[in-house]
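Here's the letter readout for the chains.
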Amino acid sequence: MAKSDWTPDQPLVSIRDVHKSFGDLEVLKGVSLDVKQGEVICIIGPSGSGKSTLIRCINALNDINSGSITVEGIEVNDPDLDKLELRKNVGMVFQQYNLFPHKTALENVMMAPIKVLKQSVGEVEERARALIKRVNLVGKENAYPGELSGGQQQRVAIARSLAMNPDVMLFDEVTAALDPETVGEVLLAIKDLAKDGMTCILVTHEMGFAREVADHIYFTDRGVIVEHGPPATFFTDAKDPRTREFLSQIL
Amino acid sequence: MSGWHFNRSRAEKSGTAQTDLPVLKPFTYNAGGQADNLLFSHWLAEFSPRSLALFAAIVLLWPSLALAQSNYSFGQAMEALWRWLPFIVGQGFVLNLLVSVVTMLVGTIAGVLLGLGQISPIRVISGPSWFITQLFRNSPWLVLLFIVMLALPFEFTIGDTVYPIPDWLKAVFGLSLPIMANISEIVRGAIISVPTGQWEASESLAYSRAQTLRLVILPQCFKRMIPPWMNWYAILTMATPLISLLGIEEIITLSRQAMEAEDNHPELLVPFFGFSLVIFFAYCYPIARFTISLEKKFVVKQ
């Protein structure tokens, strides 16, 4: 991938005035934000405020109508963009895990580096086993997704994404479908990643977690970023009435 | 078929089965799974051993009662059938099976390609694929057979050698067309039944579309396609006697020739055609049972 003239001191992900409509419904009405390398940002907000759409635009799962999104200086909105090259650098974890049900946990993790990056099986397997250990699933290597709990599946999904050695990870409400008792183990895996300096963009409803792990919090409502700030001030000194109302409902 | 579903769901919702009004109770059907695809197999597999015995009794006993006064006895007719059996089965029924197997092979290969064509993002591929599928799914098989028989040459020449095309091979081609179209729909249906999350996960891992299909989507479709695929094999096998209308020497044509050789006694009709009925049933019934059992197994596992 041509790294253009991007340098690590510039934002790794830069979103500028992004507009996105589904038919007549405009879900993003001019959103801008920057994510620096190693930074963890959380996007919060009521449902239907465009949070998920926004992060799905970052790896071109959704296209945008206008504005600009760059990842490491590469314009995502470029029609000539090689999306596959972009996605090799952008990992994504979904609410519904989306593991491949016909493959074991280990195979799920190993498949993409072998088939997409054409890396050697031995090298990938070593890395995959280390990742499975990292998400605390040793002993589940040969289990099929159907045999794992939601929290375990989600941790396999995180390992699967990490196996591609991405530069930035996108988490789309990854704990929303989980049983309360398994939420903690998934958050722990993400916290571990953040501590190691992985650049993370999270859409989440877990306010306590956002407060603890995020460097910066963005609050979106009806397609715009209403307010943002570091967690220390965001949760206590929210200025906008919409933010205050949302926080009072959720906290 | 849709009305039947409607009845079923309505019966479950409102409990009309308990009504004491003088109305017909809705027909309920208790075999689970994707009944739409497997209606034929369900119907065939529904035969209980008791109804099989009844079926055999009707085929074998009825003519003996009906023809008791004739001077050509039922026993003589059965004897004739017995004499011709190796000919009818060994040359006739075997050809039916050959045609069904080769047709299924050709139809499946073509149908898988056509089904993949239907889900292609490229319009010039998906449009014609859809049209071909609909055209051949909704044409009478016999008409397709006649068209193919008349349109295809009876021989072709490479260099100086003339290769005749045997009639049964043309029939295979004709029957392959509707099989292809129906397999195409099975493939398309199975692919779109895989949750979109699987596509998105593959995309975000930088799989190309071809890789996604080959490594992620199609392996998940395979199991879902087997029961309807076998269902169509059974339907096809049942349809092979159609090719007797084209003069191909399969079981029905040979039965007729045998009866002619036995002076065309009307008493021969029931034993000879009855035998065809029984042998097709004996072949297709186990397939239908197996299809249903496979389907139930897959439904539980998914």
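Note that this is a predicted model, so its numbers are computed, not measured.

Let us look at the domain arrangement of chain A. All names here are of chain A. You can read the domains of chain A as domain 1 (11-79 + 169-251) and domain 2 (99-166). If you look at the interface, domain 1 gives nine residues, while domain 2 gives ten residues. Considered class by class, the residues forming the side of domain 1 that touches domain 2 number six nonpolar, one polar and two charged.

This paragraph deals with the sheet that holds strand 4 (residues 66-71) of chain A. Residues and elements named next belong to chain A. In space, the four strands of this open sheet follow the order 2-1-4-5, with antiparallel pairing throughout. In this open sheet, the two edge strands, each paired with only one partner strand, are strand 2 (25-35) and strand 5 (74-75). Alignment of strand 1 (residues 13-22) against strand 4, held across five bridges, turns out to be antiparallel. Looking across to strand 4, one finds that I15 is bridged to I69.

All names here are of chain B. Relative orientation of the contacting elements helix 6 (residues 141-151) and helix 7 (residues 167-192) amounts to 140°, with a least axis distance of 8 Å. On the basis of the axis angle, helix 6 is oblique to helix 7. Note that helix 6 runs across helix 7; the crossing there is right-handed. In this structure, helix 6 contributes W141, L144, L145, V148 and M149 to the contact, and helix 7 contributes K170, A171, F173, G174, L175, L177 and P178. In the contact of helix 6 with helix 7, the residues fall into ten nonpolar, one polar and one charged.

This part covers the confidence of the model for chain B. Residues and elements named next belong to chain B. In this model, chain B carries a mean pLDDT of 82, and residues with pLDDT of at least 70 account for 82%. Every residue in residues 1-19 scores below 50 in pLDDT, and together they form 16 contacts with partners more than four places removed in sequence or on other chains. In this model, residues 27-35 is a region of pLDDT below 50 whose contacts with residues beyond four sequence positions or in other chains number 15 contacts.

This part takes up helix 10 (residues 251-261) of chain B. Structural remark: α-helix, 3.6 residues per turn; residues separated by three or four positions point the same way. Here helix 10 of chain B has its buried residues at B:I251, B:I252, B:T253, B:L254, B:S255 and B:M259. Remark: B:D263 follows helix 10 of chain B within two positions and exhibits a positive phi of approximately 70°.

Residues and elements named next belong to chain A. Overall, mixed pairing links the six strands, which are arranged 6-7-8-3-9-10 in an open sheet. Edge positions in the sheet fall to strand 6 (90-93) and strand 10 (224-229), since each of these pairs with one other strand and no more. Strand-to-strand, the axes of this sheet are offset by a mean angle of 20°, without reference to chain direction. As judged from the four bridges shared by strand 3 (residues 40-44) and strand 9 (residues 216-221), these two strands associate in the parallel manner. Paired with I44 across the two strands is F219, which belongs to strand 9. Contacts from helix 6 (residues 180-195) reach strand 3, strand 7 (168-172) and strand 8 (199-203) within the one sheet, and its direction differs from that of strand 8 by about 145°.

Attention shifts here to unusual backbone geometry. Residues and elements named next belong to chain A. At D17, a residue that is not glycine, the phi angle is positive and equals roughly 50°. If you trace the backbone, D17 turns up in strand 1. Judged by the 13 C-beta atoms lying within 10 Å of it, D17 falls in the partly exposed class. Of note, the phi angle at Y97 is positive, near 60°, even though the residue is not glycine.

Moving on to the environment of B:Y285. Residues and elements named next belong to chain B. With respect to the secondary-structure elements, Y285 resides in helix 11 (residues 269-301). In this structure the C-alpha to C-alpha distance between Y285 and F47, which are 238 residues apart in sequence, comes to 8.5 Å. Once residues lying within four places of it in the same chain are set aside, the contact partners of Y285 are L44 and F47.

Criteria and thresholds
- Residues numbered from 1 in each chain as written.
- Chains lettered and ligands numbered in written order.
- Predicted model: local features only at pLDDT ≥ 70, side-chain atom pairs only at ≥ 80, totals over all residues.
- Domains from an automatic or database assignment.
- Contact = placed C-beta atoms within 7 Å.
- Nonpolar A, V, L, I, M, F, W, Y, C, P; charged D, E, K, R; others polar.
- Pairing = 2+ DSSP bridges.
- Helix = DSSP H or I, 4+ residues; strand = E, 2+ residues; numbered from the N terminus.
- Axes fitted to C-alpha atoms, helices over the stretch in contact; angles between N-to-C directions.
- Parallel < 35°, antiparallel > 145°, perpendicular 65-115°, else oblique.
- Left-handed = near helix turned anticlockwise from the far one by under 90°.
- pLDDT = per-residue confidence, 0-100.
- Buried ≥ 20, exposed ≤ 12 C-beta atoms within 10 Å, placed from the backbone.

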